[in-house]
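This is what each chain is made of:
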Amino acid sequence: MAEIHLKGLAHSYSDNPQSSADYAIHEMEHVWHQGGAYALLGPSGCGKSTLLNIISGLIKPSHGSVLFDGVEVNEIATQDRNIAQVFQFPVIYDSMTVYDNLAFPLRNMKVDKDKIDSKVKEVAHTLDLTDILHRRASNLSADAKQKISMGRGLVRDDVSAILFDEPLTVIDPNLKWKLRRQLKQIHERYNITMVYVTHDQLEASTFADKIALMYQGKIVQFGTPRELFENPNHTFVGYFIGSPGMNFLSVEKLASGNGTEFCFDGIALPLDSNQKKILNDSSSSNLKVGIRPEFIQLSAVQHPESLPCEVIHTEDLGTYKIVTVLLGQQKLKIRLGEEQQAPQKTAFATFPSQWLKIYIDEYLVDTNSGDAGDE
Amino acid sequence: MNKVQNNKAWLLVLPVFLLVAFSAIIPLMTVVNYSVQDIFDQNNAYFVGLEWYQEVMSVPRLQDSLARQFFYSGTVLLIEVPLGICVALMMPTRGWTASLSLIVLALPLLIPWNVVGTIWQIFARSDIGLLGYVINGIGIDYNYTNNSVDAWFTVLLMDVWHWTSLIALLCYSGLRAIPDAYYQAARIDRASSWAIFRYIQLPKLQGVLIIGVLLRFMDSFMIYTEPFVLTGGGPGNSTTFLSQTLTKMAIGQFDIGPAAAFSIIYFLIVLLVSWLFFTTITHLDKDKVKEQSHD
């Protein structure tokens, strides 16, 4: 059982890092609480596997420290850290049976036979491996193998955290769903801290209570799936989470008859006064307004607040439609429910101001309090 | 039931059949032909059936060299396979030292057989050879031209020097093919170095080791050039292996019939042992599959 604290942690693969580009992980402060189910989400190459390997001790961080329950473990070897790790490709001991595979960590720890037997059977039962317990592990399917590698972590009493490094990559799509549910059940049953690395937002949000989204070696947002969806605090989060990602419009200040307006391509956005004030107070030239495709309303008839736009094409994905429209010179994606009719040619888009998010220098500005970011 | 009979398709196999016939079947049949006849000269040849086969099987000289051959090949495998694995395990994995050790290991494999024999012929001489001189220098009486035990060990050492690299290189490539995740998982599972070797490295090396063992068995069982150059089979018959006995019989004494019969037996032994070894190993894998389908 452990709380994992990353304290002032940074990592560079080069011996003598000069610029920030040399860092795979930028300096960060982060806590994974005991018993939580976390996802570490991000695109390929953002440093999420590096971070995971630092936690498990396979990589030694160049700066800062990793603390398990307040104790620094930087110098403690992987095998003594009481963690288990499941890798992208199933790692099993080919020449052993499933039973021996599960018993292997316990045998290495010289646990007595009866204890091993009961523990292995218990874990096999949880993972639905009982039927194949005495088969050779080498010819099993990928999902069974992946369950075995996870099982080797679960048999140990001393395991305080299980780290998953994109464990479902090689699993058939229809089994992924089943295995994800099983993971969730195991989490509930064993009360173990679990950190799950993935680049798939769906996997992350079904598995985790909280998602840490990584981008260019930083955790840009840490929050529930809902928070990440509704209040992405960095343009990258908006773009990465959601399908399709958030729409961003670069705006500039324009003086008009009734005060200052914020426009793109000469079109003024219906911002509320607070939002305008924040934009007005900013000295930055990198001003963006973001809105989720789900929150733009599209209609064939004009409303007082709506803006005319041109429909470029509509993708019907069965349960929903994605309509691409041209507003000024900007292409926007709008997501409609399956029952909604997509207008042809000319349409009118409405932007509810509560869903318009202000980004200054790529970071969200909280329009309610005026502070940057949520959390 | 409506199977179309079209035997013209056999014609398509004809080119391959001809190729194989010239490369393997016809030369082999010549030997078979000799082995069932007693040939005096061009005009006098008598069919003798399996007599030569019966005769050569009871010749003590051949039995002895067959026994020597099995003992020698067994010893070669027992030394070269574990030694090759050890060398592969100890080789550096990256940097210039890795390239250097690969080149050094590959060197013996590039030297022609008779040159290897010549090198060792001089290297092991007790008067001017470095090895022989040093062994005598440290107080051990060593002379491979006089002492049959010395000769046997010299031939063995030469083979180990020449061919351990092959096993080492095969295992090295096998080891490089093991993903890092296996070692990482083993560390997390707190496996000892022995357990890593026993349960990860060795099983993963199975494929390359089958090839290595087969090649080394066949080659060492057919060894000819190196002992021929080094010791000429002596002293006495201590390093006369099968192929040399055979050559003496066929070319030295011109006993074509018995030599041909023995060639066939020799060939069948190599084939049989290789086949037995190969099927045993692959059968182990098949058993696993069977075991599964029953579950």
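The structure displayed is predicted, hence computed values, not measured ones.

Things to note about the overall build of chain A
Each helix and strand counted, chain A has 9 helices and 22 strands in total. C-alpha extents for chain A along the principal axes are approximately 85 × 50 × 30 Å. Taken over 375 residues, chain A has a buried fraction of 54%. Long-range pairs, those at least 24 residues apart, make up 66% of the contacts in chain A with a sequence separation of at least 6. Of the roughly 16800 Å² that chain A leaves accessible, carbon and sulfur atoms contribute 47%. The average position of the 36 basic charges and that of the 47 acidic charges among the side chains of chain A differ by 6 Å.

Some remarks on the overall build of chain B
Across its full length, chain B holds 12 helices and 2 strands. Listing the helices and strands of chain B from first to last along the sequence gives α-β-β-α-α-α-α-α-α-α-α-α-α-α. For a compact globule of 295 residues, the expected C-alpha radius of gyration is about 19 Å, and chain B comes in at 24 Å, more than 25% above that figure. Considering only C-alpha atoms, chain B reaches an extent of 80 × 75 × 35 Å along its principal axes. The buried share of chain B, reckoned over its 295 residues, is 39%. When contacts within chain B are restricted to residue pairs at least 6 apart in sequence, those whose partners lie at least 24 apart make up 68%. Carbon and sulfur atoms make up 69% of the accessible area of chain B, which totals about 17100 Å². With 16 positive and 19 negative side-chain charges, chain B shows a separation of 14 Å between the mean positions of the two kinds.

What about the side chain of A:Lys119?
Checked against the element boundaries, A:Lys119 lands in helix α3 (residues 113–126). Excluding anything up to four places from it in sequence, A:Lys119 contacts A:Leu106, A:Leu154, A:Val155 and A:Asp157.

Concerning the packing of helix α4 (residues 96–110) of chain B against helix α7 (residues 148–176) of chain B
All names here are of chain B. Contact pair α4 / α7: the axes reach a minimum separation of 7 Å and the direction vectors enclose 135°. Here α4 lies oblique to α7, going by the angle between them. Handedness of the α4/α7 crossing: left-handed. Here α4 contributes Ala98, Leu102, Leu105, Ala106, Pro108 and Leu109 to the contact with α7, which in turn contributes Trp161, His162, Trp163, Ser165, Leu166, Ala168, Leu169 and Tyr172.

Remarks on the interface of chain B and chain A
Listed per partner, the contact involves 21 residues of chain B and 29 residues of chain A. Where chain B touches chain A, the interface holds 3 salt bridges. The salt bridge involving A:Arg152 is made with B:Asp189; its shortest N-O contact spans 2.6 Å. Taken together, the links from chain B to chain A amount to 9 residue pairs in polar contact (both at pLDDT 80 or more). Of all the elements in the fold, those that place two or more residues in the side of chain B that touches chain A are α8 (180–188), α9 (193–221) and α12 (256–294) of chain B. Among the elements that take part in the side of chain B that touches chain A, α8(B) stands out by supplying 7 residues, more than any other. For the side of chain B that touches chain A, the per-class residue count stands at 11 nonpolar, 2 polar and 8 charged.

Let's talk about the sheet that holds strand β1 (residues 4–12) of chain A
Two pairing modes exist for strands in a sheet, parallel and antiparallel, and in both the strands are linked by backbone hydrogen bonds. All names here are of chain A. Strand order in the open sheet formed by 4 strands is β2-β1-β4-β5, and the pairing between neighbours is antiparallel. This sheet does not close on itself; its edge strands, each paired only once, are β2 (23–32) and β5 (71–72). In terms of strand pairing, β1 meets strand β4 (residues 63–68) through 5 bridges, oriented antiparallel. Considered in β4, the bridge of Lys7 is made with Ser65. Here helix α1 (residues 48–56) sits on the sheet in contact with β1, β2 and β4, set at roughly 120° to β1.

Re helix α9 (residues 273–281) of chain A
All names here are of chain A. Buried within α9 we find Gln275, Ile278 and Leu279. Buried residues of α9, viewed axially, fall in a sector of 95°; they line one side. What points out from α9, more than 90 degrees from its buried face, is the exposed set Ser273, Lys277 and Asp281.

Observations concerning the pairing of strand β15 (residues 287–291) of chain A
Residues and elements named next belong to chain A. Most of β15 is tucked away, with 5 of its 5 residues classed as buried. In β15, alternate side chains face the same way, and those of Leu287, Val289 and Ile291 on one face and Lys288 and Gly290 on the other are all buried. As defined by bridge partners, strand β11 (residues 247–250) adjoins β15 across 4 bridges and the pair is classed as antiparallel. Bridge assignment links Ser250 to a residue of β15, and that residue is Lys288.

Let's talk about the confidence of the model for chain A
In this model, chain A carries a mean pLDDT of 84, and residues with pLDDT of at least 70 account for 97%. The model gives residues 370–375 of chain A a pLDDT under 50, and that stretch makes 17 contacts with residues more than four places away or in other chains.

A short note on unusual backbone geometry
Most peptide bonds are trans, and most residues other than glycine sit at a negative phi. All names here are of chain A. Residue Pro244 follows Ser243 across a cis peptide bond; omega there is -5°. Within the element layout of this structure, Pro244 appears in the loop between α8 (235–240) and β11. Although it is not a glycine, Asn82 adopts a positive phi angle of roughly 60°. In this structure Asn82 comes out as partly exposed when scored by relative accessible area, which is 26%. Although it is not a glycine, Gln216 adopts a positive phi angle of roughly 50°. Looking at the secondary structure, you find Gln216 in the loop between β9 (210–215) and β10 (218–223).

Analysis parameters
Residues numbered from 1 in each chain as written. Chains lettered and ligands numbered in written order. Predicted model: local features only at pLDDT ≥ 70, side-chain atom pairs only at ≥ 80, totals over all residues. Heavy atoms only, no water. Helix = DSSP H or I, 4+ residues; strand = E, 2+ residues; numbered from the N terminus. Buried < 20%, exposed > 50% of the residue type's maximum accessible area, 1.4 Å probe, protein only. Contact = heavy atoms within 4.5 Å. Areas by Shrake-Rupley, 256 points an atom, 1.4 Å probe, with all protein chains shown as cover. Lys, Arg positive; Asp, Glu negative; His and termini not counted. Charge placed at Lys NZ, Arg CZ, Asp CG, Glu CD. Rg over C-alpha atoms; globule rule 2.2 N^0.38 Å. Axes fitted to C-alpha atoms, helices over the stretch in contact; angles between N-to-C directions. Parallel < 35°, antiparallel > 145°, perpendicular 65-115°, else oblique. Left-handed = near helix turned anticlockwise from the far one by under 90°. Salt bridge = Lys/Arg side-chain N within 4 Å of Asp/Glu carboxyl O. Polar contact = N/O pair within 3.5 Å; in protein donor to acceptor, adjacent residues only side chain to side chain. Nonpolar A, V, L, I, M, F, W, Y, C, P; charged D, E, K, R; others polar. Pairing = 2+ DSSP bridges. Arc of directions from axis to C-beta. pLDDT = per-residue confidence, 0-100.

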